[in-house]
Amino acid sequence: MSKPETAKPETLKPRLPRGFVDRRAGEIAAQHRMLETIRRSFELYGFEALETPFVEYTEALGKFLPDLDRPNAGVFSFQDDDEAWLSLRYDLTAPLARFVAENFDALPKPYRSYRAGYVFRNEKPGPGRFRQFMQFDADIVGAGSVAADAEICMLMADTLNRLGLGGQYVVKVNNRKVLDGVMEAAGLAGETRAGQRLTVLRAIDKLDRLGVDGVRQLLGAGRKDESGDFTKGAGLDEAAIGRILAYVSFQADAADGADKVAFWEKFFAGWHDAVGDSETGREGIAELHAIMRLCAAAGYGHDVIRADPSVVRGLEYYTGPVYEAELTFPVTNEDGQTVRFGSVAGGGRYDGLVGRFRAEPVPAAGFSIGVSRLFSALQLVNSPLLAGSEAPGPVVVLVLDRENMADYQRLVALLRADGIRAELYLGSAGMKAQMKYADRRRAPVAIIQGSNERVAGEVQIKDLIEGAKAADSIASNAEWKAARPAQFSCPEADLVAQVRAVLARHFLSTAG
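Residues numbered from 1 in each chain as written. Predicted model: local features only at pLDDT ≥ 70, side-chain atom pairs only at ≥ 80, totals over all residues. Heavy atoms only, no water.

A.B. asks: How would you sum up the overall build of the protein? Please name residues and give values.
C.D. replies: Broken down by element type, the protein carries 17 helices and 18 strands. Residues classed as buried in the protein amount to 46% of the 512 residues present. (Helix = DSSP H or I, 4+ residues; strand = E, 2+ residues; numbered from the N terminus. Buried < 20%, exposed > 50% of the residue type's maximum accessible area, 1.4 Å probe, protein only.)

A.B. asks: Describe the nonpolar core, with residues and values.
C.D. replies: Membership of the largest hydrophobic core comes to 86 residues, with the highest contact counts inside it found for M34, F42, I244 and I305. Among the elements that take part in this core, helix α4 (residues 146-162) stands out by supplying 10 residues, more than any other. Not counting residues up to four positions away in its chain, the partners in contact with I305 are C153, M154, A157, V171, V173, W264, M292, C295 and Y300. If you look at the next biggest cluster of nonpolar residues, it comprises 29 residues, including V396, A422, Y425 and C490. (Core = buried A, V, L, I, M, F, W, Y, C linked by side-chain atoms within 4.5 Å. Contact = heavy atoms within 4.5 Å.)

A.B. asks: Any details on the side chain of D401? Residues and values, ideally.
C.D. replies: Here D401 lies in the loop between β14 (395-397) and α12 (405-417). Given a relative accessible area of 17%, D401 falls into the buried group.

A.B. asks: Describe the UniProt feature "binding site: L-histidine" (unreviewed entry) in the protein, with residues and values.
C.D. replies: Here the UniProt-annotated "binding site: L-histidine" (unreviewed entry) positions come out as D91, L92, T93, R121, Q135, D139, R313, Y317 and Y318. With a relative accessible area of 2%, L92 lands in the buried category. For L92, the residues in contact, after removing those within four places along its chain, are R115, A116, G117, V119, Q135 and D137. Mapping Y317 onto the fold places it in the loop between β10 (305-307) and β11 (321-332). (UniProt positions renumbered as here; feature names shortened; annotations may be inferred.)

A.B. asks: Describe in detail the confidence of the model for the protein, supporting the description with residues and values.
C.D. replies: Put simply, the protein has an average pLDDT of 86, and 88% of its residues get 70 or more. Across residues 66-70 the pLDDT falls below 50, and counting only partners more than four positions away or on other chains, this stretch makes seven contacts in the model. (pLDDT = per-residue confidence, 0-100.)

A.B. asks: Explain the pattern of salt bridges residue by residue, including any values.
C.D. replies: Summed over the entire model, instances satisfying the criterion amount to 24 salt bridges. For the salt bridge of R349 with D351, the shortest nitrogen-to-oxygen distance reads 3.0 Å. With relative accessibility at 4%, the residue R349 sits in the buried group. Across the salt bridge formed by D463 and R505, the nearest N and O atoms sit 3.2 Å from each other. (Salt bridge = Lys/Arg side-chain N within 4 Å of Asp/Glu carboxyl O.)

A.B. asks: Please set out the packing of aromatic side chains residue by residue, giving values where relevant.
C.D. replies: Counted according to the given criterion, the structure contains 11 aromatic pairs. Ring geometry for Y114 and F136: centres 5.8 Å apart, planes at 35°, overall tilted. With Y114 in strand β5 (residues 111-120) and F136 in strand β6 (residues 132-141), the pair connects residues that are 22 residues apart, well separated along the chain. Residue Y114 is classed as buried on the basis of its relative accessible area of 7%. (Phe/Tyr/Trp six-rings, centres within 6.5 Å; stacked < 30°, edge-to-face > 60°.)

Okay, here's the thing in structure tokens:
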């Protein structure tokens, strides 16, 4: 009697979730070199490392989130067994604020820290928009002086210089207080005008892309783009439009930059008219002027760090200066147009964030680098930092007699004990397939020991790099067997020294 056939279980389809990416060894190694350069730059400025967990109490992330009763948009959240809501961190700043508040008395103030790690956004993914991505932040907590903001701007510039992007970026600085002052002078103060202010700020944010005329239309009745789509404007009168345009379009003559202090005095004189009698606006201009004087004193010209009215970012939580590092080299966008690469880092002063956890206000300023975007930029400019020589694969010890696995494992252990990256072949294939495996692993050397070599106390060392070169010049299989290119015998006692000698011929570093 035959047994009934059992249904074969359905195999799963391997699928990467939308908004996430896999990264392989070469890209990881190149990104590591970039991150190490950033880390050294931050430590040169006295910042120290800090690591916070991926998960925070949802309430600690604060106003960045929707309804706390069930936070399911913007962040990835789940409920703990005590019914408290937890969320994957949305950025690296809110966890820093929680850490500082929790350890306030034990920390030196001002407290300089840097953090690098993945953050998570529960948003619709798209081209260049991921649900998991890495940020690299530097912050100064406990310093109310704009000297801290100047330090942040200088750090942004120096970091990009060390990454090989000198002359291809500008650090742009604005101030939330100046923006508030311009809004106040234009008659847009108060809660009832909040929606109109947001429309104005969005228009200013498009200055680089649309120019002054495009912004003028968005401040007025609206703008129709090339496709015919119409964007409703802020509906301002001509006086208000004129005041805002005077602010966003004012440019001083770059030739004045020989005297950096005089240059910025002339520059900000044009902004005073824009904020009128607004005390908030004038305070913001004074702060920006101080930042520019400090940067000028340290040798940073207006071509490197400059005040710029187009910087409109994070106005929900930034309380003073805001800044971003923009790469200026041209790229082609999805529509085939030539545009600037754009921003790779940004930040500002957020004096209210740590204060959410404490009775007294705690000033803070910092910036965040978008690691993936910066990595893409370095790829576009063919950065030598990313094009560093790819690390070799491990030395592979082949297995010819499976009953003698202990002998092969001993050979691997000898290599590893001397710091040479090595592995034992653990598959079940024959000699030819093992050599193919070693090739796919980018192994520089293969170690071969059959029964004859074992009896003689020897091993065969095959230089796979030299062998590949020789193979190009050998015509026939008979010639190949006669030449046995780049393969030689040596006593087991000389294995480590001989392998290290082969590696030294091909690589600067022979250790794994």
